Amino acid sequence: MSAKISNLTREAGAPMRGTVSEDHGSHAVQFYKDDRILLEDLNHFIGPALLSGNSAVVIATRAHREGLSRLLTVQGIDLASAAKHGRYIALDAAETLSQFMVNDWPDQALFMKFAGSVLSLASTAAESDGPIIGYGEMVGLLCVDGKVEAAIELERLWNEIAKTHSLRLRCGYPINSFNREELGASFLRICEAHSFVVPCEGHVAPKSEKERLQDIANLEQKVAALEGETALRQSEERFRHMVEAVRDYAIFMLDPEGRIVTWNQGAERIKGYSASEIIGQHFSKFYPEEDLQAGKPAAELEVAVRDGRIEDEGWRVRKDGSKFWATVVITAVRDDAGNLIGFSKVTKDNTERMLVLKALRDSRRELHDSEDSLRRLSLHLLRTQEEERRRIGRDLHDSLGQTLSVLKMKLDSLSGTIGLSSHDPRNQNIAACVNLTEDCIKEVRTIAYLLYPPMLEEMGLKSAISWYLDGFSKRSGIRTTFEIAPDFTRLPRHVETAIFRVLQESLTNVHRHSGSEVASVRLFNRGGMTILEVIDQGKGMPTQHSSEFRQEGVHALGVGLRGMEERMRQLGGRLELLSSPRGTTVVASVPVEVPSIIDTASA
């Protein structure tokens, strides 16, 4: 940065490439700390021009306009007369900005219109052919407001308008608006946008080459000092703000003996002590009596010295005597030579978290203790449901089915007894009643067998599935195939029932939803599991349902499948769905060796 400052800092009046000649145009930047020195420099800059008959335009804050007016008046300049005739135009910087700023950015067309009219007025009123003298603080206001890029753009616009007007312009920036390290690059860009730089305490009176070089050296030294001071101050401020702003953590420093030397708001909130009460005290006063008797505070410092840091959890004591569960990190702090200069200590109050975890552990223990009872109850409900289905199925078959059979026989007998011709309408009605009765018998038998197929209990899954698939194909028109391992043997009754129910529900879904013309069923044992697969070649699940299933499993789907999934879960197994545009596969798996709790529940 200093080298660039050397190249940019020139005497007043040195031309800038692309601007008007040295005699008629220049664009300077003046950085200032002291308003008094700034006003004196402006008095030297503007006063001689007004006395020579030139015009001046000042766009500044109210305080600077009033201060400059007083100094110019002392020189004997009649500002009222100059303002009346348009040779002295004084405008408020903030109000002037509002005339051409659009969305916090200088609008080029609006600026050119404004600046052109003001400079034309001043040029017309001038009593000599010298350049217009201008001073502006609009860029300074933008920079102070954090709009550095907008300020640089405004400087560019001033350079553009200087190509068509005879103008000597100076722009003022408070130097403290560049006191952050990240603004160093912006500071250089602002300097590069001008034909010369006026140092903070500089002025525009003619100087010798030696004096000019001395000014440059002073400015370089100040810039370098500013950079160093800014970096250090920012580092200190960031750390201080971070520590002070944190209220969820107690962050403080200890000296090598364990006495407290710093204290933040979080420490005051958590432990109850103000800084004036606790600084200088030993940190052991935060420990409960049992830890003090065990020498825990000193032992933790020893470990931190040896290992660099120590982490610990345990009870700590507040000012009012109440306890809280603390998570603590103590770190040994050393200087560049490796000498111990103290400890940093960070404490977090995790009482609520610890109590929640304890409650969770207790709940899990209670849940584990009651899990067998819940599973027994669930299995009992499922078994009761199957028994009820069996009873209803038998009642339908043995009672209603038998009654319908007797009714059919009576109708058959009636048709033969009355001796009516086959073309007699009465005989046709009797024949229709016989057919309806026969259909009812078939329907009742089918419903009874679906509720609880006797073949499942008597002959097992192999025969029951073959029988069910044959009836399903006739009812639905869907072709089915069945593969079963040759060595497949009987399973416990409740396991066979659960697998059969999954088969029923799966094929019902194939018929209702898939649009598939075929369905394949496979039953086998693998890896200690009995596995049923029902495969279709339909359209698969819609994308939305497929996404929901991936996130939530079978519970994202219908009530029937949720019931089947619960059956599998109670048996220690699981139900899976694999779906794609080429079809859906339902996979039900249960352990070959049924858990003892299942055997007990089934007894």
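Residues numbered from 1 in each chain as written. Predicted model: local features only at pLDDT ≥ 70, side-chain atom pairs only at ≥ 80, totals over all residues. Heavy atoms only, no water.

Asks: Hey, could you go over the overall build of the protein chain for me, with residue numbers and the actual values?
Replies: Along its length, the protein chain carries 22 helices and 15 strands. Counting across all 603 residues of the protein chain, residues that qualify as buried make up 42%. Look at the contacts in the protein chain between residues 6 or more apart in sequence, and 67% of them connect residues 24 or more apart. Summed over its atoms, the accessible surface of the protein chain is roughly 32200 Å², and 53% of this surface lies on carbon and sulfur atoms. (Helix = DSSP H or I, 4+ residues; strand = E, 2+ residues; numbered from the N terminus. Buried < 20%, exposed > 50% of the residue type's maximum accessible area, 1.4 Å probe, protein only. Contact = heavy atoms within 4.5 Å. Areas by Shrake-Rupley, 256 points an atom, 1.4 Å probe, with all protein chains shown as cover.)

Asks: Quick rundown of helix 14 (residues 296-307)? Include the residues and the values.
Replies: In this model, helix 14 (twelve residues) spans 16 Å end to end at C-alpha, consistent with the 16 Å of a helix rising 1.5 Å per residue. For helix 14, the complete set of buried residues consists of Pro-297, Glu-300, Leu-301 and Ala-304. Seen end-on, helix 14 carries its buried residues on one side only, within an arc spanning 100°. For helix 14, the exposed residues lying more than 90 degrees away from the buried face are Glu-302 and Arg-306. Looking at the buried side of helix 14, the elements it contacts are strand 7 (249-254), helix 13 (289-293), strand 8 (309-317), strand 9 (323-334) and strand 10 (340-349). Immediately beyond the C-terminal end of helix 14, within one or two residues, lies Gly-308, with a positive phi of roughly 95°. (Expected span 1.5 Å × (residues − 1). Arc of directions from axis to C-beta.)

Asks: Tell me about the packing of helix 2 (residues 35-51) against helix 3 (residues 62-74), and please be specific about residues and values.
Replies: Viewed as axis vectors pointing N to C, helix 2 and helix 3 meet at an angle of 55°, and their least axial separation amounts to 9 Å. Here helix 2 is positioned oblique relative to helix 3, judged by the angle of their axes. Our pair here, helix 2 against helix 3, has a crossing hand that is right-handed. Note on element contacts: helix 3 touches helix 2 through His-64, Gly-67, Leu-68, Leu-71 and Leu-72, opposite Asp-35, Leu-38, Leu-39, Glu-40, Leu-42, Asn-43, Ile-46, Gly-47 and Leu-50. (Axes fitted to C-alpha atoms, helices over the stretch in contact; angles between N-to-C directions. Parallel < 35°, antiparallel > 145°, perpendicular 65-115°, else oblique. Left-handed = near helix turned anticlockwise from the far one by under 90°.)

Asks: Can you break down the packing of aromatic side chains residue by residue, with the values?
Replies: Throughout the structure, instances matching the rule amount to 14 aromatic pairs. Relative to Phe-500, the ring of Tyr-468 has its centre 5.6 Å away and its plane inclined at 75°; by these criteria the two rings are edge-to-face. Taken together, the residues Tyr-468 in helix 18 (residues 461-476) and Phe-500 in helix 19 (residues 493-514) connect sequence positions 32 residues apart. The side chain of Lys-271 reaches across the aromatic face of Phe-286, ending 4.1 Å from its centre. The cationic tip of Lys-348 hangs over the ring face of Tyr-249; the distance from NZ or CZ to the ring centre is 5.7 Å. (Phe/Tyr/Trp six-rings, centres within 6.5 Å; stacked < 30°, edge-to-face > 60°. Lys NZ or Arg CZ within 6 Å of the ring centre and 35° of its normal.)

Asks: Let's hear about the pattern of salt bridges: which residues, and what values?
Replies: Taken as a whole, this structure holds 26 salt bridges when the rule is applied. Among the salt bridges present, the one from Glu-290 reaches Lys-323, with a minimum N-O distance of 3.6 Å. Taken as a pair, Glu-290 in helix 13 and Lys-323 in strand 9 lie far apart in primary sequence, 33 residues in all. Judged by relative accessible area, which is 45%, Glu-290 ranks as partly exposed. On the accessibility criterion, Lys-323 (42% relative accessible area) is partly exposed. Because the salt bridges share partners, they merge into one network encompassing Lys-296, Glu-300, Asp-312 and Arg-316. (Salt bridge = Lys/Arg side-chain N within 4 Å of Asp/Glu carboxyl O.)

Asks: Tell me what's going on with the side chain of Thr-530, and back it up with residues and numbers.
Replies: Secondary-structure assignment places Thr-530 in strand 13 (residues 529-536). Residue Thr-530 is classed as buried on the basis of its relative accessible area of 1%. Here the side chain of Thr-530 touches Asn-525 through a polar contact of 2.8 Å, side chain to side chain. If near-sequence neighbours (up to four positions away) are discounted, Thr-530 is found in contact with Phe-488, Leu-491, Ile-499, Leu-523, Phe-524, Asn-525, Ala-588, Ser-589, Val-590 and Val-592. (Polar contact = N/O pair within 3.5 Å; in protein donor to acceptor, adjacent residues only side chain to side chain.)

Asks: Tell me about the nonpolar core, and name the residues and values.
Replies: Soluble globular proteins tend to pack their nonpolar side chains together in the buried interior. The biggest cluster of nonpolar side chains holds 37 residues, and the ones touching the most others in it are Phe-31, Met-138, Leu-154, Trp-158 and Tyr-173. Of all the secondary structure elements, the ones that give two or more residues to this core are strand 1 (25-32), strand 2 (56-60), helix 5 (93-97), helix 6 (108-125), helix 7 (138-144), helix 8 (148-161), strand 5 (167-174) and helix 9 (184-192). Here the element with the most residues in this core is helix 8; it accounts for eight residues. When neighbours within four sequence positions are excluded, Met-138 is seen to be in contact with Ile-59, Ala-93, Thr-96, Leu-97, Phe-100, Leu-154 and Trp-158. Formed by 35 residues, the second largest nonpolar core is a distinct cluster that contains Ala-464, Ala-485, Phe-488 and Met-568. (Core = buried A, V, L, I, M, F, W, Y, C linked by side-chain atoms within 4.5 Å.)

Asks: Break down the pairing of strand 9 for me, citing the residues and quoting the values.
Replies: Pairing of strand 8 with strand 9 involves nine bridges; the strand directions are antiparallel. Each residue of the ladder has a partner; that of Asp-312, found in strand 9, is Val-328. Count of turn residues in the strand 8/strand 9 antiparallel hairpin: five residues, of which Gly-321 carries a positive phi of about 95°. Relative to strand 10, strand 9 runs antiparallel, the two sharing nine bridges. Residue Ala-332 lies in a different strand from strand 10, and its bridge partner there is Phe-343. Taking the residues that link successive antiparallel strands as the turn, the strand 9-strand 10 hairpin has five residues, and the phi of Gly-338 there is positive, at about 90°. (Pairing = 2+ DSSP bridges.)

Asks: Before we move on, could you go through the sheet that holds strand 13 and cite the residues and values that matter?
Replies: Taken together, five strands build an open sheet; the order of strands is 11-12-13-15-14 and the sheet is mixed. Sheet topology places strand 11 (479-484) and strand 14 (574-580) at the edges, where each strand pairs with a single neighbour. If you compare each strand with its neighbour and ignore which way they point, the axes differ by 15° on average. Strands in contact with helix 18 are strand 11 and strand 12 (518-526); relative to strand 11, the strand with the most contacts, it is inclined by about 170°. Where helix 19 meets the sheet, its contacts fall on strand 12, strand 13, strand 14 and strand 15 (583-591), and the angle it forms with strand 13 comes to roughly 15°.

Asks: Describe the pairing of strand 15, with residues and values.
Replies: Across the nine residues that make up strand 15, a large majority, nine, are buried. Pairing between strand 13 and strand 15: seven bridges, direction antiparallel. Its bridge partner lying in strand 15, Ile-535 is registered against Thr-585. Two elements, strand 14 and strand 15, share seven bridges in a ladder whose sense is antiparallel. Looking across to strand 15, one finds that Glu-576 is bridged to Val-587. Taking the residues that link successive antiparallel strands as the turn, the strand 14-strand 15 hairpin has two residues.

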